[in-house]
Protein chains: 2
Amino acid sequence: MDQVQLFNDYLRCKGLKTTSQRLIILETFLDSDCHFSTEELYLKLRTEYPKIGYATVHRTLKLFAECGIAAERNFGDGQARYEPIHGEEHHDHLVCTECGLILEFEEPQIEKLQESVAAAHNFTIDNHRLELYGLCASCAATAN
Amino acid sequence: MDQVQLFNDYLRCKGLKTTSQRLIILETFLDSDCHFSTEELYLKLRTEYPKIGYATVHRTLKLFAECGIAAERNFGDGQARYEPIHGEEHHDHLVCTECGLILEFEEPQIEKLQESVAAAHNFTIDNHRLELYGLCASCAATAN
DNA sequence: CGCGAAATTGAAAACGATTTTCAGAAAAAT
DNA sequence: ATTTTTCTGAAAATCGTTTTCAATTTCGCG
């Protein structure tokens, strides 16, 4: 299903309202498919829509996370980031500690091993996070 | 090598000073082998050493992380946690989202798969974090 | 349509964790 | 012992996030 439709349905069923701000934020968020912090998205929006406030961006990103349009991530730089979910498989991240590049990857075998680890400890897994931190190819090449 | 020795050596080589507060904090930190937030360790220390300030605990935990005595972790509850490193293998965590229980596990096969993923993307891995979130056995049993 | 209840907005204030400041105290060097 | 340097603790500053509140907008209903 279309993301915008999904968002509207979510708003409807929660008794929330469709506003121009929410649609603008959704569109901008989906268009540039990267890992936004609230601040970054706010600044990007501000160039074209200077009236949209920081609080609205923040609240709207939370909404996206609630309805499954976005996932909240934290890569240890002290601010939350949101990335669009397009219904694809769960994925994890490679993060370059030098330039901030973020790559995504999937590794079903790792997922399976996680399940068996959890089972061994009688845990029921809801979700997980896996991040690999290091240097990307170009930063490793330029390394001092 | 003994952790206290290691800490003293680190202080020496950095031109820092050995103080009674630092030694007390180190001892308390190592003794109770769990995942402290700054707040928690501060509160625990305060019962026996009411004169030690929050800022000192915070600064000392950062020092531990710097010299490799502790690792800083973040389990998404909004505060940093520190755990002692005893030179053992790297381990990852199972976190119960209900009661906050934290279990540690090691899974060399996952580590290997991570290496191959990184290699496939020309990344050089410095470190990683893997956390599995869900319900522990007893919380799952009591589930509403 | 247009009214009215209910939700939303943006600016500013509040918040919680972390970090810094600063004057006095303590530790190491001389 | 004296000097220099670092450390401490309390309080203030900072940073990202969240809430408050009055004014505005949306939307169901007549």
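Residues numbered from 1 in each chain as written. Chains lettered and ligands numbered in written order. Predicted model: local features only at pLDDT ≥ 70, side-chain atom pairs only at ≥ 80, totals over all residues. Heavy atoms only, no water.

1. Notes on the interface of chain A and chain B
Defined as follows: By the convention used here, residues are in contact when the closest approach between their heavy atoms is within 4.5 Å. Here the quantity called buried area is the total loss of accessible area, with a 1.4 Å probe, experienced by two parts when brought into contact, counted for both. A pair is scored as a salt bridge if a Lys or Arg side-chain nitrogen falls within 4 Å of a carboxyl oxygen belonging to Asp or Glu. Under the rule applied, a polar contact is a pair of N or O atoms within 3.5 Å (in protein, one hydrogen donor and one hydrogen acceptor; residues adjacent in sequence only if both atoms are side-chain atoms). What counts as a helix is a DSSP run of H or I of at least four residues, what counts as a strand is a run of E of at least two, and both are numbered from the N terminus. Throughout, the ten residues Ala, Val, Leu, Ile, Met, Phe, Trp, Tyr, Cys and Pro are labelled nonpolar, Asp, Glu, Lys and Arg are labelled charged, and all others, Gly among them, are labelled polar. Two strands are counted as paired when DSSP detects at least two bridges linking them.
On the chain B side, the residues contacting the 34 residues of chain A number 34 residues. Area buried by chain A at its contact with chain B is led by F123, R129 and Y133 of chain A, which between them contribute 24% of it. Remark: the boundary between chain A and chain B carries two salt bridges. In this structure, E131 of chain A engages R129 of chain B in a salt bridge whose closest nitrogen and oxygen atoms are separated by 3.5 Å. Counting across the chain A and chain B interface gives ten residue pairs in polar contact (both at pLDDT 80 or more). Of all the elements in the fold, those that place two or more residues in the side of chain A that touches chain B are β4 (92-96), β5 (102-105), α5 (108-120), β6 (124-135) and α6 (137-141) of chain A. A per-element tally of the side of chain A that touches chain B places β6 of chain A first, with twelve residues. Grouping the amino acids of the side of chain A that touches chain B by side-chain chemistry returns 19 nonpolar, ten polar and five charged. Bridging between β6 of chain A and strand β6 (residues 124-135) of chain B involves eleven bridges; their strand directions are antiparallel. For T124 of chain A, the partnering residue across the bridge sits in β6 of chain B and is L135 of chain B.

2. Topic: the nonpolar core
Under the convention used in this document: The set of buried Ala, Val, Leu, Ile, Met, Phe, Trp, Tyr and Cys residues whose side-chain atoms join them within 4.5 Å is what this entry labels a nonpolar core. Only protein chains enter the accessibility calculation, which uses a 1.4 Å probe; a residue whose area is less than 20% of its type maximum is buried, one above 50% is exposed, and one in between is partly exposed.
If you look at the biggest cluster of nonpolar residues, it comprises 26 residues, and the most contacted ones within it are L94 and L132 of chain A together with L94 and L132 of chain B. Contributing elements (two or more residues each) for this core: β4, α5 and β6 of chain A together with β4 (92-96), α5 (108-120) and β6 of chain B. In contact with L132 of chain A, other than residues within four places in its own chain, are H93, L94, V95 and F105 of chain A together with Q114, V117, I125, N127 and H128 of chain B.

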